[in-house]
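Here is what each chain is made of, one letter per residue.
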Amino acid sequence: MDATDLDLARALLIANKDATLVAVRGDEIVVCRDRGVKPLLKMVAEGRSLKGFSVADKVVGKAPALLYAVLGPEAVFSPVMSWTGRAVLLAAGIFVSHDVLVPHISNRAKSGQCPMDESVTNIWEPYEAVGVLEERARQMALMA
């Protein structure tokens, strides 16, 4: 893992208020502005890989951690990370860094758990999680 890449990803995430995810590998920088797991689901669907990248993500719960386990970055930093998100990343051999570690990620209304994390409560296999998260994202889009 290149600590410089992770430091740059972290700095760019903090500096760019619209960014939700920044991935850095050497001179290659990817910035995403979509909220939630949407950019990660899109990367998985497109068959993309984050191999060799260091990633900074605004919030990492279990759902995005499972998707990172599929995408394979070297490192993930998040200002806010859940215990289960951290456990998934470590189990996948991904270097983890965070500012705050929390029991769970709250939904946007702060009235309960993040619905994406809730949908994978009993799932620990990353590839199994992809289908469950895609279906949950479709359901949420219909409700919006």
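Structure: see above.
Analysis parameters
Residues numbered from 1 in each chain as written. Predicted model: local features only at pLDDT ≥ 70, side-chain atom pairs only at ≥ 80, totals over all residues. Heavy atoms only, no water. Helix = DSSP H or I, 4+ residues; strand = E, 2+ residues; numbered from the N terminus. Rg over C-alpha atoms; globule rule 2.2 N^0.38 Å. Buried < 20%, exposed > 50% of the residue type's maximum accessible area, 1.4 Å probe, protein only. Contact = heavy atoms within 4.5 Å. Areas by Shrake-Rupley, 256 points an atom, 1.4 Å probe, with all protein chains shown as cover. Lys, Arg positive; Asp, Glu negative; His and termini not counted. Charge placed at Lys NZ, Arg CZ, Asp CG, Glu CD. Phe/Tyr/Trp six-rings, centres within 6.5 Å; stacked < 30°, edge-to-face > 60°. Lys NZ or Arg CZ within 6 Å of the ring centre and 35° of its normal. 1 Å grid on protein atoms, 1.4 Å probe; cavity = no way out; pocket = protein on both sides within 12 Å on 5 of 7 lines; lining within 4 Å. Points joined across faces, edges and corners; volume = space filled by probe spheres on them.

> An account of the overall build of the protein chain is needed here, citing residue identities and associated values.
A tally of regular secondary structure across the protein chain gives six helices and six strands. Reading the protein chain from its N end, one meets helices and strands in the order α-β-β-α-β-β-α-β-α-β-α-α. In terms of overall size, the protein chain behaves like a compact globule, its C-alpha atoms giving a radius of gyration of 14 Å where 144 residues would be expected to give roughly 15 Å. With 144 residues in all, the protein chain has 42% of them scored as buried. Within the protein chain, residue pairs in contact and separated by at least 24 positions form 41% of the contacts whose partners lie at least 6 positions apart. Summed over its atoms, the accessible surface of the protein chain is roughly 7600 Å², and 54% of this surface lies on carbon and sulfur atoms. On the protein chain, the mean spot of the 16 positive side-chain charges and the mean spot of the 17 negative ones are 6 Å from each other.

> Residue-level account of the environment of arginine 138, with values.
Structurally, the position occupied by arginine 138 is in helix α6 (residues 126-143). Sequence separation of arginine 138 and proline 73 is 65 residues, and the distance between their C-alpha atoms is 26 Å.

> Requested: an account of unusual backbone geometry, with residues and values cited.
Residue lysine 110 is not a glycine yet carries a positive backbone phi of 60°. Summarising the element assignment, lysine 110 is placed in the loop between β6 (95-102) and α5 (115-119).

> Requested: an account of the packing of aromatic side chains, with residues and values cited.
Scanning the model with the defined rule gives zero aromatic pairs in all. Cation over ring: lysine 62 sits above tryptophan 124, and NZ or CZ is 3.4 Å from the ring centre.

> Mind laying out the layout of surface pockets, listing which residues take part and the relevant values?
When its volume is computed, the largest pocket comes out at roughly 840 Å³. Surrounding the largest pocket, 31 residues form its lining, Arg35, Gly36, Val37, Arg108 and Cys114 being those nearest its centre. The set of elements that each furnish at least two residues to the lining of the largest pocket consists of α2 (38-45), β4 (59-60), α3 (62-71), α5 and α6.

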